[in-house]
Amino acid sequence: MSDDIYEKIVYDGFSFSNLAMLSPELKERTFVINGVSKTYSMTGWRIGYGAGDIRIVRNMDTIQSQSTSNPSSISQAAAEAAIAGDQACVEEMRKAFEERRNVIVSLLNAIPGVKCNKPQGAFYVFPYLNEVYKTPGFEKLKRESSENSSSKLFCNVLLEKYKVAAVPGVAFGEDNALRLSYAMGEADIKRGVERIAEMIRDLSK
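Residues numbered from 1 in each chain as written. Predicted model: local features only at pLDDT ≥ 70, side-chain atom pairs only at ≥ 80, totals over all residues. Heavy atoms only, no water.

(A) Molecular detail of the packing of helix H6 (residues 150-162) against helix H7 (residues 186-204). Running from N to C, H6 and H7 cross one another at 110 degrees; their axes reach a closest spacing of 11 Å. In this view, H6 runs roughly perpendicular relative to H7, as classed from their interaxial angle. Between H6 and H7 the crossing geometry is right-handed. On H7, the residues touching Phe154, Val157, Leu158 and Tyr162 of H6 are Arg195, Ile196, Glu198, Met199, Ile200, Asp202 and Leu203. Grouping the constituent residues of the contact of H6 with H7 by class yields 8 nonpolar, no polar and 3 charged. (Axes fitted to C-alpha atoms, helices over the stretch in contact; angles between N-to-C directions. Helix = DSSP H or I, 4+ residues; strand = E, 2+ residues; numbered from the N terminus. Parallel < 35°, antiparallel > 145°, perpendicular 65-115°, else oblique. Left-handed = near helix turned anticlockwise from the far one by under 90°. Contact = heavy atoms within 4.5 Å. Nonpolar A, V, L, I, M, F, W, Y, C, P; charged D, E, K, R; others polar.)

(B) Representation of unusual backbone geometry. Phi at Ser41 takes a positive value of approximately 50 degrees, unusual for a residue other than glycine. Structurally, the position occupied by Ser41 is in the loop between strand E2 (32-35) and strand E3 (48-51). On the basis of relative accessible area, Ser41 is assigned to the exposed category, the value being 52%. At Ala122, a residue that is not glycine, the phi angle is positive and equals roughly 65 degrees. Within the secondary structure, Ala122 is located in the loop between helix H4 (88-109) and strand E4 (124-125). On the basis of relative accessible area, Ala122 is assigned to the buried category, the value being 11%. (Buried < 20%, exposed > 50% of the residue type's maximum accessible area, 1.4 Å probe, protein only.)

(C) Broad picture of the nonpolar core. Ranked by size, the top nonpolar core spans 36 residues in total, and within it Ile104, Leu108, Ile111, Val125, Phe154, Leu158 and Tyr182 carry the most contacts. The element best represented in this core is H7, accounting for 7 residues. Setting aside chain neighbours within four positions, we find Ile111 in contact with Val193, Ile196, Ala197 and Ile200. Counting residues in hydrophobic clusters, the runner-up holds 7 residues, among them Met42, Ile47, Ala79 and Ala82. (Core = buried A, V, L, I, M, F, W, Y, C linked by side-chain atoms within 4.5 Å.)

(D) H4, seen in detail. Here H4 contains 22 residues, and its C-alpha end-to-end distance of 32 Å stays within 8% of the 32 Å for a straight helix at 1.5 Å per residue. Three or more residues of H4 are buried, namely Val90, Arg94, Ala96, Phe97, Glu98, Arg100, Arg101, Val103, Ile104, Val105 and Leu108. Packed against the buried residues of H4 are E4, strand E6 (178-181) and H7. (Expected span 1.5 Å × (residues − 1).)

(E) Representation of the pairing of E2 in the model. Bridging between strand E1 (residues 2-3) and E2 involves 2 bridges; their strand directions are parallel. Each bridged residue has a counterpart across the sheet, and for Asp3 the counterpart in E2 is Ile33. Bridge count for E2 against E3 is 4 bridges, and the pairing is antiparallel. What sits directly across from Ile33, in E3, is Gly50. (Pairing = 2+ DSSP bridges.)

The following block contains the structure:
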């Protein structure tokens, strides 16, 4: 199964490909799923679609038709208009995301103790905080908290005290990191990263 939801949001000249595009043999064994939530920023419209072996699709249709309601006609019409319409806005948004990625990665890497790789697609960064977790302030937080996960503890304090929302890295199998979205304006990105830097400075005291 190939989840292609971010197929249009790639950077640095990279081109997208999935297993079905590599060979006829793989295409026969691949099911592609996609939707309009990322490329067209239509998250709340709840429209997705899939492509694969007709036998699987027919059985999916049989099960789905008896277990869930159908998407609204308005959502379907909006998704059709997005997919069939002028795609210039998609490239415009992709470029904006690439610029925001460059900004947030640069700002995060300027914070002592933070290491952030540059993602090649989507609109999330995954900064590592290994050194931050070794600071006296964070070790004190750990001792005083019943939370075993470092990334959960960091994110809880970040939200409650510094008003920045992040997803603990442990949710993705890496407790030394956290996930941040940069699907917002550059001013908000800069303000959010500055608050993260403030928290880390406070932990280092």
